[in-house]
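# Structure assessment
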Amino acid sequence: MTRTERPGALAQIQSLPSWLAGRVAARGRSLVAAAIAEEGLKLPHHAVLAAVSEYGPVAQADLVRRLGFDAKDLVLLLNYLEEAGLALREPDPRDRRKNAVTVTPAGVRTLERCAQLAERANAELLAPLSAAERRQLMELLTRVHEAEAAGTAAHHPNHPRNPTPRSLRRRHQTLPSAPDLNS
């Protein structure tokens, strides 16, 4: 087999489901980010506002745990949401040492508009597919996601939830962290 007959390394990578799913996900995030920017929000603001709406009144520490955000970053996000009149921090009536965060009526309306904008962005993303293909794609993605959430993928030896050998741990500690592409 000659060099021209065998697929190149890049073509092989680009044919992987993980690569394709990542590219589609990046495009989807980009479309949703652009859409909710119309409301003056970035993706992390939207996530915090949605969590506050769903779980509020909620302690800031609980938001950190639920969202997996850094506590200092969460404070900055809440500062923005509070200044925009979308969320409110008040002393928690159960523990005055903590702040309880709630969504304001303006925040609820913003979330409703963001939901519509995100739906439109996702419709644009999936426009090349028929309605039946969109349903099938969602079913397949949901199955893969639920398998991951249930831990069935964790039995694979290269799965990130499996312990990393000590020799690799040291090497991973020296690698720079990936940039946050969602902000």
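Residues numbered from 1 in each chain as written. Predicted model: local features only at pLDDT ≥ 70, side-chain atom pairs only at ≥ 80, totals over all residues. Heavy atoms only, no water.

We now examine the packing of aromatic side chains. One pass over the structure, following the stated rule, counts zero aromatic pairs. Against the face of Y55 rests R66, its NZ or CZ located 3.6 Å from the ring centre. (Phe/Tyr/Trp six-rings, centres within 6.5 Å; stacked < 30°, edge-to-face > 60°. Lys NZ or Arg CZ within 6 Å of the ring centre and 35° of its normal.)

Across the sheet, three strands lie side by side as β1-β3-β2; this open sheet has antiparallel pairing. Sheet topology places β1 (58-59) and β2 (87-92) at the edges, where each strand pairs with a single neighbour. Bridge analysis of β1 against strand β3 (residues 95-103) gives two bridges, and the strand direction is antiparallel. Counted as the bridge partner of A59 is A100 from β3. (Pairing = 2+ DSSP bridges. Helix = DSSP H or I, 4+ residues; strand = E, 2+ residues; numbered from the N terminus.)

A few words now on the nonpolar core. Ranked by internal contacts, the top residues of the largest apolar core, which has 24 residues, are L41, V48, L63, L78, L81 and V101. Ignoring any residue separated from it by four or fewer positions in sequence, one finds L81 in contact with L41, H45, V48, L49, L86 and A87. (Core = buried A, V, L, I, M, F, W, Y, C linked by side-chain atoms within 4.5 Å. Buried < 20%, exposed > 50% of the residue type's maximum accessible area, 1.4 Å probe, protein only. Contact = heavy atoms within 4.5 Å.)

Across six bridges, the pairing between β2 and β3 is antiparallel. Paired with A87 across the strands is V103, a residue of β3. The turn joining β2 and β3, which pair antiparallel and follow one another in sequence, is formed by two residues.

Glancing now at helix α3 (residues 43-55). With 13 residues, α3 extends 18 Å between its outermost C-alpha atoms, agreeing within 8% with the 18 Å of an ideal straight helix rising 1.5 Å per residue. Considered for burial, the residues of α3 that qualify are L43, P44, H45, H46, V48, L49, A51 and V52. For α3, the secondary structure elements touched by its buried residues are α2 (17-36), β1, α4 (60-67), α5 (71-83), β3 and α6 (105-125). (Expected span 1.5 Å × (residues − 1).)

Here we come to a nonpolar patch on the surface. A cluster of nonpolar side chains, contributed by L10, I13, L16, W19 and L20, occupies part of the molecular surface with about 420 Å² of accessible area. Listing elements by their share of the nonpolar patch, those giving two or more residues are α1 (9-14) and α2. Take I13: it is sitting in helix α1. Looking at I13, the relative accessible area reads 39%, which means it is partly exposed. (Patch = residues over 30% accessible without salt bridge, like charges linked within 9 Å, V, L, I, M, F, W, Y side chains within 5 Å. Areas by Shrake-Rupley, 256 points an atom, 1.4 Å probe, with all protein chains shown as cover. Salt bridge = Lys/Arg side-chain N within 4 Å of Asp/Glu carboxyl O.)

Packed helices, taken two at a time, are described by their axes: the angle between them and the distance between them. With their axes 10 Å apart at the nearest point, α4 and α5 run at an angle of 115 degrees to one another. Between α4 and α5, the angle falls in the class roughly perpendicular. As for the relative orientation of α4 and α5, their crossing is right-handed in sense. Contacts between α4 and α5 involve Q60, L63 and V64 from the first element and A71, L74, V75 and L78 from the second. A breakdown of the residues in the contact of α4 with α5 according to their chemical character gives six nonpolar, one polar and no charged. (Axes fitted to C-alpha atoms, helices over the stretch in contact; angles between N-to-C directions. Parallel < 35°, antiparallel > 145°, perpendicular 65-115°, else oblique. Left-handed = near helix turned anticlockwise from the far one by under 90°. Nonpolar A, V, L, I, M, F, W, Y, C, P; charged D, E, K, R; others polar.)

Taking 1.5 Å per residue, 13 residues should reach 18 Å; α5 reaches 18 Å between its end C-alpha atoms and fits that length. Restricting attention to buried positions, one finds in α5 the residues L74, L77, L78 and L81. Viewed along the axis of α5, the buried residues span an arc of 100 degrees, placing them on a single side of the element. Structural note: α5 exposes K72, L76 and E83 on the side pointing more than 90 degrees away from its buried face. For α5, the elements touching its buried residues are α3, α4, β2 and β3. Its side-chain oxygen placed 2.9 Å from the backbone nitrogen of K72, D70 serves as the N-cap of α5. G85 sits one or two residues past α5 and shows a positive phi near 80 degrees. (Arc of directions from axis to C-beta. Polar contact = N/O pair within 3.5 Å; in protein donor to acceptor, adjacent residues only side chain to side chain.)

Coordinates in, geometry out; function isn't part of it.
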